[in-house]
Amino acid sequence: MSDSVGGGESGGGAGQDSEADNEPPQQPPPLLPGGAGEISEEGALPSAKRLRMSEEGVGQDQVVEPGQRHEETPTQPSSLQGMPAQTAEGDLLQCEEGGHSGKEVVVIGEEEEYHQNGEEGPKPEEEHNGDGSAESPGDGQQLSLDFTQNPQMLTGSWTEYSNLPENYLKGCKWAPDGSCILTNSADNVLRVYNIPPEIYSYNWDLLPEMSPVLRMAEGDTIYDYCWYPKMNSLEPDTCFLASSSRDNPVHVWDAFYGEVRASFRPYNHLDELTAAHSLCFSPDGAQLYCGFDKMVRVFHTERPGRDCEERPTIVKKQGQSGIISCFGFSPCQSVYACGSYSRCAGLYSCQDGTLLALLPTRHHGGLTHLLFSPDGNYLYTGGRKDPEILCWDLREPGRVVFSLKRNVATNQRIYFDLDQSGRYLLSGDTEGVVSVWDTHTAPPDGNEELLQPQLRFQAYWDCTNGVSIHPFMPLLATSSGQRQFPWPGDSEGDSASDTEGSGAVMSRQDTRQDNVLTLWWAGPLSPAAEGSQDQSTTAAEA
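Every value quoted in this text rests on a predicted model; they were computed, and no experiment measured them.

Undergrad: Please provide a residue-by-residue account of the packing of aromatic side chains, values included.
TA: What the rule picks out here adds up to 13 aromatic pairs. Pairing Phe 240 with Phe 281 gives two aromatic rings, centres 6.1 Å apart and planes at 70°, and the pair type is edge-to-face. One end of the pair, Phe 240, is in strand E9 (residues 240–245); the other, Phe 281, is in strand E12 (residues 278–281), with 41 residues separating them in the sequence. With a centroid separation of 5.3 Å and 65° between ring planes, the pair formed by Phe 457 and Trp 520 is classed as edge-to-face. With a gap of 63 residues between them, Phe 457 in strand E30 (residues 455–458) and Trp 520 in strand E33 (residues 517–521) connect regions that are remote in the sequence. Take Phe 457 and Trp 520: they sit in the same class, and that class is buried. Taken together, the ring pairs in this structure connect Tyr 289, Phe 327, Phe 329, Tyr 336 and Tyr 348 into an aromatic cluster. When the ring centre of Tyr 225 is taken as origin, the NZ or CZ atom of Lys 173, which lies over that ring, is 4.3 Å away. Cation over ring: Arg 384 sits above Tyr 341, and NZ or CZ is 4.2 Å from the ring centre.

Given below as structure tokens:
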């Protein structure tokens, strides 16, 4: 694929203009509570917002023109367009509400983790956020997550995914520095969204629909995608991401201009180009791990091309079989985990890829996602067509501490995410429900007990396939949609659908397509907003 792929899409021109100005992007200020709306009694979306997501497209007149956001800050790089340039690096932030004096901006990345992870593993949020009040920005410029009530919908993007039929999303991921969101969808386009600047003005009822500032088109179905872990918008050279698609090499995309920076070309034993089924950068960003059938190939980030290290997952008929479908790296040890479609997970050494442990086959379907806890002691795994997320104690490999129940009835990859403290785990399901579990309520000596969710709310009508928690703000990003299969009554020329007995046949008009990217506020609210929340329910029962 040539370097011009995706470069002509919307957002690329604004990024090129900013290059001439050479103006460094700014870090976002901390988000403060206020301006919250009312949650509906059913625990679903507020009615004013839901109108925009209806099948008939009601409420389009309330949406800002798609091209308007590109004109707001034409001098800033595209990956940070629309972000308020209120502070420079090293400046002091003053909170506008409550009279709290801010401290230095938290450097986004590994220096931030000590506020949340600690030395002995994840700590309860009460230890560093108090009672979850607005006082927390003074301590590390951090607001705590608050799941005692339903998160409030702020804004989203839905028109972008209505131009093509069944253009459902396939996940969303916050950038490591929290400046933007990356999405994948069925049209094989990666999109980058900035946080709307209106969020910082506390006028949440006036938030416009989000429009992507970058579109990066792949040539075929996108298998996996990931951010460079050291991505920092103050350093443009670090702003890139990797993606893998069918019959294509691994592409590295520039997150400022939407162009292909480099390609990694994996070849099989027949010297044929083969596509990676999964991708993950090492924590230091020096290596890119790619998953294949019974094989992991490791590329050096600074050396694009075909040279790589091959690490078979099966040696002398012993090891982990199947396609390596997902990766995860331990935050405190030189260990990485591989999940495969053979329904098991393995632990490997980062130095040479030696198999350290192979976890028992407990899942009902192939693994699609896994995460380490911040202290590195636990591994969470989830699979396709599998109703459980399992928590493994890596100090006793093979022991399941507890399980989390969710509804996954398809082969679609359903992501889940942990907050930076490791306390809250969030996941969607095929029914559109987002569940929140408090892992600190699990008994320390539990024996595969089923942990009940602290909160469940109906986020969409359709499948909620992506959940991503902001690195340091109480913001959630969720994505929805799934492949819709035609019903018998949908075929053209089928006159029988209008005759007797047609009432038992569901038509396409009866199905709801809900292909949306949504931002949610999951932090403490202002006193006025909290008063209105007293009349709403705290969860939507399935």
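Undergrad: Give a detailed account of the pattern of salt bridges, specifying residues and quantitative values.
TA: Throughout the structure, instances matching the rule amount to 13 salt bridges. The closest approach of N and O atoms between Glu 310 and Arg 297, which form a salt bridge, is 3.3 Å. Of this pair, Glu 310 sits in strand E15 (residues 309–312) while Arg 297 sits in strand E14 (residues 295–300), and the two are 13 residues apart along the sequence. What emerges from the salt-bridge pattern is a single network uniting Glu 160, Asp 187, Arg 191 and Arg 215.

Undergrad: I'd like a rundown of the sheet that holds E15, residues and numbers included.
TA: If you walk across this open sheet you meet the four strands as E12-E13-E14-E15, and the pairing is antiparallel. Only two strands of the sheet have a single neighbouring strand rather than two, namely E12 and E15. Going across the sheet, the axis of each strand differs from the next one's by a mean of 20°, ignoring polarity. Sheet analysis places E14 next to E15, joined by four bridges and oriented antiparallel. When the sheet's bridge partners are listed, Arg 297 is paired in E15 with Glu 310.

Undergrad: Which residues make up the confidence of the model for the protein, and what values do they have?
TA: Summing up the model confidence of the protein, the mean pLDDT is 73 and the portion of residues at 70 or higher is 65%. Per-element averaging of pLDDT across the protein places strand E1 (residues 92–94) at the bottom with 32 and strand E10 (residues 250–254) at the top with 97. Low pLDDT, under 50, characterises residues 1–141; the predicted model gives this stretch 314 contacts beyond four residues in sequence or across chains. Across residues 490–511, confidence stays below pLDDT 50; counting only partners more than four residues off in sequence or on other chains, it has 18 contacts.

Undergrad: A description of the nonpolar core should follow, citing residues and the corresponding values.
TA: Leu 154, Trp 174, Ile 181, Ile 199, Leu 475, Leu 519 and Trp 521 are the most contacted members of the largest nonpolar core, which totals 22 residues. Counting residues per element, the ones that place at least two in this core are strand E4 (169–174), strand E32 (475–480) and E33. In this view, Trp 174 contacts Cys 180, Ile 181, Ile 195, Trp 227, Ser 468, Ile 469, His 470, Pro 471, Leu 475, Leu 476, Ala 477 and Leu 519; residues no more than four positions away in its chain are not counted. Leu 190, Leu 214, Ala 255 and Phe 256 belong to the second-largest nonpolar core, a separate cluster that totals 20 residues.

Undergrad: Can you lay out unusual backbone geometry for me, pointing to particular residues and giving the numbers?
TA: Excluding glycine, most residues fall at negative phi; most peptide bonds, likewise, are trans. A positive phi angle, near 75°, is found at Arg 343, a position not held by glycine. Within the secondary structure, Arg 343 is located in the loop between strand E19 (335–340) and strand E20 (345–349). The phi dihedral of Lys 385 falls on the positive side, at around 50°, and the residue is not glycine. Lys 385 sits in the partly exposed class, given a relative accessible area of 49%.

Calculation rules
- Residues numbered from 1 in each chain as written.
- Predicted model: local features only at pLDDT ≥ 70, side-chain atom pairs only at ≥ 80, totals over all residues.
- Heavy atoms only, no water.
- Phe/Tyr/Trp six-rings, centres within 6.5 Å; stacked < 30°, edge-to-face > 60°.
- Helix = DSSP H or I, 4+ residues; strand = E, 2+ residues; numbered from the N terminus.
- Buried < 20%, exposed > 50% of the residue type's maximum accessible area, 1.4 Å probe, protein only.
- Lys NZ or Arg CZ within 6 Å of the ring centre and 35° of its normal.
- Salt bridge = Lys/Arg side-chain N within 4 Å of Asp/Glu carboxyl O.
- Pairing = 2+ DSSP bridges.
- Axes fitted to C-alpha atoms, helices over the stretch in contact; angles between N-to-C directions.
- pLDDT = per-residue confidence, 0-100.
- Contact = heavy atoms within 4.5 Å.
- Core = buried A, V, L, I, M, F, W, Y, C linked by side-chain atoms within 4.5 Å.

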